[in-house]
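The residues making up each chain are set out below.
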Amino acid sequence: MKALVTCAQARELDAATRAALKLSSIQLMEKASLRLWDALRARIAELPALSGKGGALRIVALCGHGDNGGDALAMLRHAYSAGFSCLGAIVSAREAGETPRMQALSLAAAGVPILSWSAEAEARALLKNADLVLDGILGTGVRGAAAGEAAAMIGALNGLEKGGGATPGMAARPHIASIDLPSGLGDGWRAGMPCVQADSTLSLDPAKAICFTPEARQACGMMIPVDDVFPASLVSQNVAISLLEASDLDRLAPSVGDAGYKTSRGRLAIFAGSEGALGAAQLCAKAAIASGAGYITLYVDDPLYPLAAPVLESVIVKPLSGLAGIPACDAILVGPGWGRGAGRKDLLAAILASGTPAILDADAIHILAENPELASAAKAPCALTPHPGEFAALEKAFLGGREGEPFLNALAEASRAAGMLTLYKSSLTWIAEPGGSLAVWEGRTPELGTAGSGDVLAGLFAGLAAVSLASRSALGGGKPARQAPQSAGDALRGAAHCAVVAHGLAGRRLAREKGWFGAADLAAECALIMRGASRAQSIGAGSGA
């Protein structure tokens with residue numbers, strides 16, 4: 001995992017670094033700008049349209065009056081030192097801070113032309129003729145929507161897209177490289193507010209969490225990490241937001257051990273499927289098998305029983321009419337393809353009151369949103385797995401008319417109000433805990449946008465929860481695994497993180513091998529990935545690692 005920070009925390013980290021190391025603002029800016037320039041130069045080398053121009057590459061810095069503008073000016077000075085000769089800067093017509101003024105003086109001494117934004121027509125012409133534009137308009141200090149001069153600058157950059165090289169004789173749109181984050185993005189940013197649409201973002205480590213929200217991520221283009229600016233010891237303090245990585249999987253995967261058998265590997269009950277939606281039940285059951293869970297029971301409406309039983313040989317399929325009470329198990333999954341007909345609300349209430357951790361997906365989420373009082377009936381830690389439409393229903397139910405909040409605020413508040421871990425499924429997958437911690441997986445795998453993909457993720461999550469929860473008990477006479485979670489809440493969190501990473505990696509691998517694929521392929525790929533990760537965890541535990 002890598003730490004992410006809010007913009008407010010980034011400002012605090014900057015101040016803490018200067019205080020701890022007795023640095024002036026210009027000293028810290030010099031180090032940051034060198035790291036940023038090195039990262040940008042590597043990016044230029046990767047792009048033939050830019051690298052092919054050599055030292056004649058036309059680089060323009062568009063600078064606001066704050067420190068991000070100073071960073072852009074310093075980077076332009078580094079470009080001058082590196083032999084780039086076609087340089088220019090556009091600076092704010094407002095009075096700049098001390099560090100941007102010092103950087104501008106240094107750049108002017110090098111003979112680099114500097115225009116004021118007050119000469120707007122000339123400034124726009126300079127931007128249009130650039131090959132590469134450094135976006136230094138706004139940084140982490142923005143509050144609310146960009147306005148005035150900053151909004152005009154942002155509009156000028158985004159307006160360059162109109163050419164795009166599509167019209168014969170017109171130059172291609174300049175490559176826009178944002179410094180730290182695209183200007184306009186900030187903690188209070190919401191969809192529809194102005195922000196630069198960057199091709200690349202030179203992201204100072206730790207990266208800003210806003211850049212990984214679903215609607216903001218597209219504005220960042222390629223995220224290029226720029227590290228070694230802030231002390232690692234300061235970065236690691238009070239981390240509440242994390243970026244999940246592929247390397248986390250072996251650590252997250254529960255170990256079943258060589259002595260594992262069907263009940264010690266976890267017992268999962270699934271309530272899913274309805275007329276016309278049996279496929280959802282089948283997919284989540286197959287994904288639960290892929291998780292390593294050993295004893296899976298699927299409860300379906302009576303008419304579905306003869307259809308489901310023959311095709312799910314490794315799952316115990318039972319008709320709902322025979323249900324005498326909520327079954328004894330380690331975890332419950334409820335909702336995929338379930339429908340919202342008669343009796344569903346009462347059964348969901350009984351599941352929540354059973355004392356068994358439950359994962360609510362699809363129709364179960366809608367039932368909860370229509371009856372939010374059910375959340376208080378939960379007697380064990382529970383989780384929600386909404387897609388954007390389902391999350392909108394949860395916002396309406398639990399945020400009391402406060403829809404339209406910035407995404408991260410809404411996600412954290414909805415999880416807290418419902419008292420349930422929330423796994424938000426989209427092109428990026430976010431996990432929020434009622435206590436406030438957040439984690440994100442940067443999926444960006446469009447091939448996963450296929451019918452049934454969410455059912456696979458729900459089944460994988462629920463199965464992993466059952467495996468992990470079983471490891472905490474002495475079920476069947478076994479002893480808890482050495483790395484067993486300390487609480488049911490820990491088990492749900494770990495299962496959610498593990499499922500999201502495994503599901504994402506399976507999607508990436510299938511995309512490479514097959515191109516477009518279906519959800520049935522995904523469950524099988526998850527099984528291979530999870531078995532490999534589980535084996536790695538078992539070996540690590542056995543070796544004392």
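The following refers to the structure shown. (Residues numbered from 1 in each chain as written. Predicted model: local features only at pLDDT ≥ 70, side-chain atom pairs only at ≥ 80, totals over all residues. Heavy atoms only, no water.)

Concerning the packing of helix α11 (residues 278-291) against helix α17 (residues 453-470)
Their axes nearest at 7 Å, the elements α11 and α17 cross at an angle of 40 degrees. Regarding the angle of α11 to α17, the classification is oblique. Crossing handedness for the pair α11 and α17: right-handed. Every residue of α17 that contacts α11 at Ala280, Leu283, Cys284, Ala287, Ala288, Ala290 and Ser291 is listed here: Asp455, Val456, Gly459, Leu460, Gly463, Leu464 and Val467. (Axes fitted to C-alpha atoms, helices over the stretch in contact; angles between N-to-C directions. Helix = DSSP H or I, 4+ residues; strand = E, 2+ residues; numbered from the N terminus. Parallel < 35°, antiparallel > 145°, perpendicular 65-115°, else oblique. Left-handed = near helix turned anticlockwise from the far one by under 90°. Contact = heavy atoms within 4.5 Å.)

Concerning the nonpolar core
In terms of nonpolar packing, the biggest core is built from 67 residues, with Leu249, Ile270, Leu460 and Phe461 touching the most fellow members. Discounting chain neighbours no more than four positions away, the residues touching Leu249 are Cys498, Val501, Ala502, Leu505, Ile529, Met530 and Ala533. Formed by 58 residues, the second largest nonpolar core is a distinct cluster that contains Trp189, Leu374, Leu384 and Ala414. (Core = buried A, V, L, I, M, F, W, Y, C linked by side-chain atoms within 4.5 Å. Buried < 20%, exposed > 50% of the residue type's maximum accessible area, 1.4 Å probe, protein only.)

Notes on the sheet that holds strand β5 (residues 132-136)
Strand order in the open sheet formed by 7 strands is β4-β3-β2-β5-β6-β7-β9, with parallel pairing between adjacent strands. Either end of the sheet is taken by a strand with one partner, and the two such strands are β4 (114-116) and β9 (222-226). Direction aside, neighbouring strands of the sheet carry axes that sit 20 degrees apart on average. Here strand β6 (residues 175-179) runs beside strand β7 (residues 200-204); their pairing, made up of 3 bridges, is parallel. Among the inter-strand pairings, Ala177 is bridged to a residue of β7, identified as Ser200. (Pairing = 2+ DSSP bridges.)

Side note on unusual backbone geometry
In this structure, Pro206 follows Asp205 across a cis peptide bond, with omega equal to 5 degrees. You can see Pro206 is positioned in the loop between β7 and β8 (207-208). Unlike most non-glycine residues, Asp228 shows phi in positive territory, near 60 degrees. Considering the arrangement of structural elements, one finds Asp228 in the loop between β9 and α9 (232-235). Overall, the relative accessible area of 44% leaves Asp228 in the partly exposed class. One non-glycine residue, Ala362, lies in positive phi territory at about 50 degrees. Structurally, Ala362 is set in the loop between β15 (358-360) and α14 (363-370). Given a relative accessible area of 15%, Ala362 falls into the buried group.

Digging into the packing of aromatic side chains
Under the definition given, this model contains 5 aromatic pairs. Judged by centre distance (5.7 Å) and plane angle (85 degrees), the rings of Trp37 and Phe84 are edge-to-face. Here Trp37, found in helix α2 (residues 25-46), pairs with Phe84, found in the loop between α4 (67-81) and β3 (86-91); they are 47 residues apart in sequence, far enough to count as distant. The two residues Trp37 and Phe84 agree in class, both being buried. Aromatic side chains Phe407 and Trp430 sit 6.3 Å apart centroid to centroid with 65 degrees between the ring planes, which places their arrangement in the edge-to-face category. (Phe/Tyr/Trp six-rings, centres within 6.5 Å; stacked < 30°, edge-to-face > 60°.)

Observations concerning the sheet that holds strand β1 (residues 2-5)
Here 12 strands make up an open sheet; going across it, the order is β8-β1-β10-β19-β18-β17-β16-β15-β14-β11-β12-β13 and the pairing mixed. A strand with exactly one partner marks an edge of an open sheet, and here the two such strands are β8 and β13 (316-319). With 3 bridges connecting them, strand β14 (residues 331-334) and β15 associate as parallel partners. Across the sheet, Val334 pairs through a bridge with Leu360, a residue of β15. Those strands touched by helix α18 (residues 488-514) are β10 (241-244), β15, β16 (382-384), β17 (421-424), β18 (429-432) and β19 (438-441), and its axis lies near 15 degrees from that of β19.

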